[in-house]
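The lines below spell out each chain.
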Amino acid sequence: MARDYYEILGVSRDAEKKEIKQAYRRLARKYHPDVNKEAGAEERFKEINRAYEILSEPETRARYDRFGPEGVSGAGVGFQDMGDMGGFADIFESIFSGFAGGGMGGQTAQRRRSGPVRGDDLRLDLKLDFREAVFGGEKEIRISHLETCEACSGSGAKPGTRPRTCSTCSGSGQVRRVTRTPFGSFTQVSTCPTCNGTGSVIEDKCDSCDGKGTNQITKKLKITIPAGVDNGTRLRIGQEGDAGQRGGPPGDLYVYLFVNEDEEFQRDGINVLSEIKVSYLQAILGCRLEVNTVDGLVELIIPAGTQPNTVMKLENRGVPRLGNPVSRGDHLLTVLIDIPTKIIPEERELLEKLAKIKGDRTGKGGLEGFLGNLFK
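Note that the structure is predicted; figures quoted are calculated from it, not measured.

Chemist: Which parts of the structure should I look at to understand the overall build of the chain?
Modeler: What the chain contains, in helices and strands, is 11 helices and 17 strands. When the 376 residues of the chain are sorted by exposure, 36% land in the buried category. If you take every contact in the chain between residues at least 6 apart in sequence, the share linking residues at least 24 apart comes to 64%. Here the chain has roughly 22,300 Å² of accessible surface; of this, 48% comes from carbon and sulfur atoms.

Next up, the structure:
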């Protein structure tokens, strides 16, 4: 049994013609097959059309109100009211302006499809040594990207010839299918199958690029690595991506940097971390040592009585601040104290004398206890 037409449009039985028309427009937008791809949408759209056919005409509506669906089983809207419906196609023109033939939206889509297209961006991952990341500098890389064919200047056509306008779409890159209904003309637009949306057809292809307009080229580039880069830093190299189509600009190359671990140094933001090992006598008496930094050897003073795991700071010996290489972090050295496991007899004799002076017991295990007391 057919559903009630008033129920289909969601209006009351005493609804005015204007209200019925508004309800129809709203539902038609929602369930039009070109918009709604859900299962059953097309059948729902036909049901909505049929309900409006009956209820929009006073005569058929009166018969429906009196006799139900049987009274309008052969009824349809005549064409006497097409003046009222003439503007209805404009609704769909505005809805589908992105692909419809009418309106500025369709023209814009044509220009966009057949005009210049920017090339794709590319990504390259680059590994750096620790000092390369700290101080930066020039780096040579090798990339493979699309470049505009020099033989045909990107047209894809054999030198001396030109692409011809596609006869299927007349150069628009689109084909239209118009469906006429009692409510107006509905236009469906799709990419031209002959030229794939370019608007032109190449009859004699360029031998160098086989009609593509671009060639895959491997080349070397020298890029500048800024001082202070770190893992995940991204560099943009303009216009070194793939070449654009139909005269469009090339894309960009994005270089992502990754820093190799160093055996001696670690990094904490803009600070450099390392360790230095001194003997227990150097820690007790103090000393001067040359320590390795990212800048080379630097003299470091170890104060007398330095405790294990003391952190010594060398100012401005760290990583330059990215974007402001004049400003640098610090080099932080953790002091490790080397306590020997074996000593020669002369050393033991001297240490035992020192233990007696301090009043510490000696003997098996006593020396270790004595050294431990030194660093409390």
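Next comes the rest of the account.
Chemist: Please explain the packing of helix H2 (residues 17-31) against helix H3 (residues 41-55) as it appears in this structure.
Modeler: The angle between the axes and the distance between the axes are what describe a pair of packed helices. Contact geometry of H2 with H3 gives a least axis separation of 9 Å together with a crossing angle of 165°. Between H2 and H3, the crossing angle belongs to the class labelled roughly antiparallel. As for how H2 packs across H3, the hand of that crossing is left-handed. Only Ala41, Arg44, Phe45, Ile48, Asn49, Tyr52 and Leu55 of H3 make contact with H2, whose side of the interface consists of Ile20, Lys21, Tyr24, Leu27, Ala28 and Tyr31. Split by residue class, the contact of H2 with H3 holds 10 nonpolar, 1 polar and 2 charged.

Chemist: How do you make sense of the sheet that holds strand S10 (residues 266-268) when you look at a structure like this?
Modeler: Two modes of strand pairing occur in sheets, parallel and antiparallel, and in both the strands are linked by backbone hydrogen bonds. Pairing is mixed across the open sheet formed by 4 strands, whose spatial order is S10-S11-S17-S14. On the outer flanks of this sheet lie S10 and strand S14 (311-314), each paired with one strand and no other. Adjacent strand axes in the sheet meet at a mean angle of 35° when their direction is disregarded. Relative to strand S11 (residues 271-279), S10 runs antiparallel, the two being bridged by 3 bridges. Looking at S11, one finds that Asp268 is bridged to Asn271.

Chemist: Can you help me understand the nonpolar core in this one?
Modeler: In a soluble, globular protein the nonpolar side chains are often hidden away together inside. Grouped together as the largest cluster of nonpolar side chains are 20 residues, with contacts concentrated most on Tyr5, Leu9, Val11, Ile20, Ile48, Leu55 and Tyr64. For this core, the secondary structure elements donating two or more residues are helix H1 (5-9), H2 and H3. Formed by 16 residues, the second largest nonpolar core is a distinct cluster that contains Val278, Val291, Leu314 and Val335.

Chemist: Is there a simple way to think about H3 in this case?
Modeler: The terminal C-alpha atoms of H3, which comprises 15 residues, lie 21 Å apart, in line with the 21 Å expected from a rise of 1.5 Å per residue. Looking at H3, one finds that the buried residues are Ala41, Arg44, Phe45, Ile48, Asn49, Ala51, Tyr52, Glu53, Ile54 and Leu55.

Chemist: Teacher, can you tell me more about the pattern of salt bridges here?
Modeler: A pair can form between side chains of opposite charge whenever their charged atoms are brought close. Under the defined criterion, the tally for this structure stands at 20 salt bridges. Ionic pairing is found between Asp65 and Arg13, a salt bridge with its closest N-O pair at 3.7 Å. Of this pair, Asp65 sits in helix H4 (residues 58-67) while Arg13 is found in the loop between H1 and H2, placing the two residues 52 residues apart along the sequence. A relative accessible area of 37% means that Asp65 is categorised as partly exposed. Between Lys139 and Glu132 there is a salt bridge, with the nearest N and O atoms lying 2.9 Å from each other. The network of salt bridges with shared partners includes Arg118, Asp121, Arg236 and Asp252.

Chemist: Explain the side chain of Thr214 here, please?
Modeler: With respect to the helices and strands, Thr214 occurs in strand S7 (residues 214-225). Not counting residues up to four positions away in its chain, the partners in contact with Thr214 are Leu146, Glu147, Thr148, Cys149, Cys209, Ala243 and Gln245.

Chemist: Explanation requested: unusual backbone geometry in the structure shown.
Modeler: Only a minority of non-glycine residues have a phi that is not negative, and only a minority of peptide bonds are not trans. Unusually for a residue other than glycine, Asn196 sits at a positive phi of about 55°. With respect to the helices and strands, Asn196 occurs in the loop between strand S5 (184-191) and strand S6 (200-201). For Asn316, which is not glycine, the phi dihedral falls at a positive 60°. Inspection of the secondary structure puts Asn316 in the loop between S14 and strand S15 (320-321).

Chemist: How should I be thinking about the sheet that holds strand S1 (residues 122-128) in this particular structure?
Modeler: Across the sheet, which stays open at both edges, the 3 strands sit in the order S1-S9-S8 with mixed pairing between neighbours. Edge positions in the open sheet fall to S1 and strand S8 (234-237), since each of these has one partner strand only. Neighbour to neighbour, the strand axes of the sheet diverge by 25° on average, direction disregarded. Here 4 bridges tie S8 to strand S9 (residues 253-259), and the two strands are oriented antiparallel to one another. Looking at the pairing, Leu235 lines up with Val255 of S9.

Chemist: What is the right way to read the environment of Pro308 from this model?
Modeler: Checked against the element boundaries, Pro308 lands in the loop between strand S13 (296-302) and S14. When the C-alpha positions of Pro308 and Leu336 are compared, they lie 5.5 Å apart, and in sequence the two are 28 residues distant.

Chemist: Explain the confidence of the model for the chain here, please?
Modeler: Caution applies to low-pLDDT parts of the model: their predicted coordinates are not meant to be read in detail. Confidence in the prediction for the chain averages 83 pLDDT; 82% of positions are at 70 or higher. For the stretch residues 76-112, pLDDT sits under 50, and the model shows 52 contacts to residues farther than four places along the chain or on other chains.

Chemist: What's the story with H4 in this structure? I'm lost.
Modeler: Structural remark: α-helix, 3.6 residues per turn; residues separated by three or four positions point the same way. Among all positions in H4, only Thr60, Arg61 and Tyr64 are buried. Buried residues of H4, seen end-on, are gathered within an arc of 100° and therefore sit on one face of the element. Of the residues in H4, the exposed ones pointing more than 90 degrees away from the buried face are Pro58, Glu59 and Arg66. Looking at the packing, one finds that the buried side of H4 touches H1, H2 and H3. Of the residues flanking the end of H4, it is Gly68, one or two places downstream, whose phi is positive at about 80°.

Criteria and cut-off values
- Residues numbered from 1 in each chain as written.
- Predicted model: local features only at pLDDT ≥ 70, side-chain atom pairs only at ≥ 80, totals over all residues.
- Heavy atoms only, no water.
- Helix = DSSP H or I, 4+ residues; strand = E, 2+ residues; numbered from the N terminus.
- Buried < 20%, exposed > 50% of the residue type's maximum accessible area, 1.4 Å probe, protein only.
- Contact = heavy atoms within 4.5 Å.
- Areas by Shrake-Rupley, 256 points an atom, 1.4 Å probe, with all protein chains shown as cover.
- Axes fitted to C-alpha atoms, helices over the stretch in contact; angles between N-to-C directions.
- Parallel < 35°, antiparallel > 145°, perpendicular 65-115°, else oblique.
- Left-handed = near helix turned anticlockwise from the far one by under 90°.
- Nonpolar A, V, L, I, M, F, W, Y, C, P; charged D, E, K, R; others polar.
- Pairing = 2+ DSSP bridges.
- Core = buried A, V, L, I, M, F, W, Y, C linked by side-chain atoms within 4.5 Å.
- Expected span 1.5 Å × (residues − 1).
- Salt bridge = Lys/Arg side-chain N within 4 Å of Asp/Glu carboxyl O.
- pLDDT = per-residue confidence, 0-100.
- Arc of directions from axis to C-beta.

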